[in-house]
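# Examination of the molecular architecture
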Amino acid sequence: MWKSWLIYILSLAGYSLFTILYGKRSAFIILFVIVLVPLIYSLLTYFMAKRSIKSYFGTDSMTLEKNKKAEIVVTLECLSELCVGNRGRVYISIYNGMGKKIFRGRKKLYLTLKKQSVVFEFVPKYSGVHNIVLEKVRIYSGFSLLCSTIHPGERLSFMIMPEYKEFPVQIGISQEENEGESELFSVRKSGNDPSELFDIRLYRPGDKMNRINWKFTAKNNELMVQDYGFPIACDLAVFFDVSVEKDLQKIENALEILYYLMVHFTLSKKLFYVIWGDNREQKVKRRMVSDSEDIYEVFQELFCADMTDGKTCMEDMYSAQFEGEFLTSSIFIYGGRNDLEEEILQLKLRTDLLELIHV
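About the cut-offs
Residues numbered from 1 in each chain as written. Predicted model: local features only at pLDDT ≥ 70, side-chain atom pairs only at ≥ 80, totals over all residues. Heavy atoms only, no water. Pairing = 2+ DSSP bridges. Helix = DSSP H or I, 4+ residues; strand = E, 2+ residues; numbered from the N terminus. Axes fitted to C-alpha atoms, helices over the stretch in contact; angles between N-to-C directions. Contact = heavy atoms within 4.5 Å. Phe/Tyr/Trp six-rings, centres within 6.5 Å; stacked < 30°, edge-to-face > 60°. Buried < 20%, exposed > 50% of the residue type's maximum accessible area, 1.4 Å probe, protein only. Lys NZ or Arg CZ within 6 Å of the ring centre and 35° of its normal. Core = buried A, V, L, I, M, F, W, Y, C linked by side-chain atoms within 4.5 Å. Salt bridge = Lys/Arg side-chain N within 4 Å of Asp/Glu carboxyl O. Patch = residues over 30% accessible without salt bridge, like charges linked within 9 Å, V, L, I, M, F, W, Y side chains within 5 Å. Areas by Shrake-Rupley, 256 points an atom, 1.4 Å probe, with all protein chains shown as cover. pLDDT = per-residue confidence, 0-100. Parallel < 35°, antiparallel > 145°, perpendicular 65-115°, else oblique. Nonpolar A, V, L, I, M, F, W, Y, C, P; charged D, E, K, R; others polar. Polar contact = N/O pair within 3.5 Å; in protein donor to acceptor, adjacent residues only side chain to side chain.

So, about the sheet that holds strand 13 (residues 283–289). As summarised here, the arrangement of the five strands in space is 13-12-11-14-15, forming an open sheet in which the pairing is mixed. The open sheet has two edge strands with one neighbour each: strand 13 and strand 15 (351–358). Strand after strand, the sheet turns through a mean of 20 degrees between neighbouring axes, direction not considered. Of the pairings in the sheet, the one linking strand 11 (residues 236–241) to strand 14 (residues 327–334) comprises six bridges and is parallel in character. Pairing of valine 238 across the sheet is with isoleucine 331, part of strand 14. Against the sheet, helix 4 (residues 248–267) engages strand 11, strand 12 (272–278), strand 13, strand 14 and strand 15, with an angle of about 170 degrees to strand 11. The sheet strands contacting helix 7 (residues 342–349) are strand 11, strand 14 and strand 15, and the helix crosses strand 15 at an angle near 125 degrees.

Another point: the packing of aromatic side chains. Aromatic rings considered in pairs are described by the distance between their centres and by the relative angle of their planes. Under the definition given, this model contains 11 aromatic pairs. Summarising the aromatic geometry, the rings of tyrosine 318 and phenylalanine 322 are spaced 5.3 Å apart at their centres and angled 35 degrees between planes, so their arrangement reads as tilted. Neither residue differs from the other here; tyrosine 318 and phenylalanine 322 are each classed as buried. Ring centres of phenylalanine 332 and tyrosine 334 lie 6.0 Å apart, and the angle between their planes is 50 degrees; this geometry places the pair in the tilted category. Here the aromatic cluster, defined as three or more aromatic residues joined through ring pairs, consists of Tyr164, Phe167, Tyr259, Tyr260, Phe299 and Phe303. Lying over the aromatic face of tyrosine 140, arginine 87 brings its terminal NZ or CZ to 4.0 Å of the ring centre. We note arginine 286 situated over the ring of tyrosine 273; from NZ or CZ to the ring centre the distance is 4.1 Å.

Moving on, we come to the environment of tyrosine 140. Looking at the element boundaries, tyrosine 140 is found in strand 6 (residues 128–140). Relative accessible area serves as the criterion here: at 8%, tyrosine 140 is assigned to the buried category. The spacing of tyrosine 140 and tyrosine 46 is 94 residues in sequence and 7.3 Å in space, taken between C-alpha atoms.

A few words now on the nonpolar core. In summary, soluble globular proteins display a tendency toward joint burial of nonpolar side chains. Formed by 33 residues in total, the largest nonpolar core has its most connected members in Phe240, Leu258, Leu261, Met262, Phe299 and Ile333. Among the secondary structure elements, those contributing two or more residues to this core are strand 11, helix 4, strand 12, helix 5 (292–304) and strand 14. If one sorts the elements of this core by residue count, helix 4 sits on top with 11 residues. Residues Ile92, Leu109, Phe120 and Leu134 belong to the second largest nonpolar core, which totals 27 residues.

So, about the pattern of salt bridges. On inspection of all chains with the given rule, the structure shows 18 salt bridges. Across the pair glutamate 297 and arginine 287 runs a salt bridge, and its minimum N-O distance is 2.2 Å. You can see glutamate 297 sitting in helix 5 and its partner arginine 287 sitting in strand 13, a full 10 residues away along the chain. Owing to a relative accessible area of 23%, glutamate 297 belongs among the partly exposed residues under this scheme. Close ionic contact of glutamate 315 with arginine 337 constitutes a salt bridge, the shortest N to O distance being 2.8 Å. Placement of glutamate 315 in helix 6 (residues 314–321) and of arginine 337 in the loop between strand 14 and helix 7 is noted, with a sequence separation of 22 residues between them. The exposure class of glutamate 315 is buried, given its relative accessible area of 5%. One salt-bridge network, in which partners are shared between bridges, spans Lys66, Lys165, Glu252 and Glu256.

Let's shift gears to a nonpolar patch on the surface. Taken together, the side chains of Leu44, Met48 and Leu82 define a hydrophobic patch exposed on the protein surface, amounting to about 230 Å² of accessible area. In this fold, methionine 48 is placed in helix 2 (residues 25–52). Overall, the relative accessible area of 32% leaves methionine 48 in the partly exposed class.

Another point: the confidence of the model for the chain. Note: predicted coordinates in regions of low pLDDT should not be interpreted at a detailed level. Summarising the model, the chain shows a mean pLDDT of 80, and 77% of its residues fall at 70 or more. Of all secondary-structure elements in the chain, the lowest mean pLDDT belongs to helix 1 (residues 2–22), at 59, while strand 11 reaches the highest, 92.

Between helix 6 and helix 7, the least distance of the axes is 8 Å, while the angle of their chain directions is 30 degrees. Classed by the angle they form, the pair helix 6 and helix 7 counts as roughly parallel. Facing Glu315, Asp316, Tyr318 and Ser319 of helix 6, the residues of helix 7 in contact are Leu345, Lys348 and Leu349. Along the lines of polarity and charge, the residues of the contact of helix 6 with helix 7 split into three nonpolar, one polar and three charged.

Summarising the element assignment, serine 93 is placed in strand 3 (residues 87–95). Reaching out from serine 93, the side chain makes a polar contact with the side chain of glutamate 135 at a distance of 3.0 Å. In this structure, serine 93 is in contact with Lys101, Phe103, Arg104, Asn131, Ile132, Val133 and Glu135, ignoring residues within four places of it in sequence.

This is the structure:
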């Protein structure tokens, strides 16, 4: 904009000198027009731009993939013919889940009466919840002497899942199913929970009479017995702690390992917990995982938690919060900590088996 003012002032100075040297009335009238017209037109377009420009994202939701180019569309509408042809700039910023600005883009355009789309290209390098902010739209007035700035305040959030990779992680977790309190039942063996029917089979000597299903017995003319469900105990936990890790790439590696383990256990039909610390609330979050939908929901919650700058160790928060609970096996994924002692950690987590994975 300063260039426009420089040209305007130099033009005025040159024509003023010409007018003074020749001293004609017509030259003074022209000089008066040259001074006023650009200023009046600039003021009109300046105020009209603030009222007649609308800007918003071209979509309400986005699905982006890590390391793949994505297009972010911003739509502009100009409702005033007076502003047509004026120059504009659109500014957006993208913030990661920790609130750090990781991308800032700007695009130039010239206003028309039709809807215009401005496309920004962005390649996500890290997983997590990202926020796109439509920070401002600058509209330059006629002759580009003035500039009106509009702050739409539009926001768009999207989540990027970690990249799935196979890791050479030795998982010494027993696949044996233990009985416990849960809504997930075994597909391999029966139990004693009458709320779930496992199977109906022929009577065998030693079966209890109260388990005979008389409806099926009458239908088959043979004694039929019903087996109840075996509720699977959730006695495996994957702890995730990157509260003091500052390296984004190491945090990303930890997330990829977590993703791999979650997929691995889910495919193995293993019920397990994912546990992480939320330092904003000063407590741990725990989520039971049994299928692929749970994996997505865990990452949604995990990315929204404040996992950085932890003042209290996660194992201490867990120990206090789940005082009466015990685990058969645990995996502890962590980064940035050098104070971990396996025996003490195992006691605080109250687990029989513990495997540490350091990124």
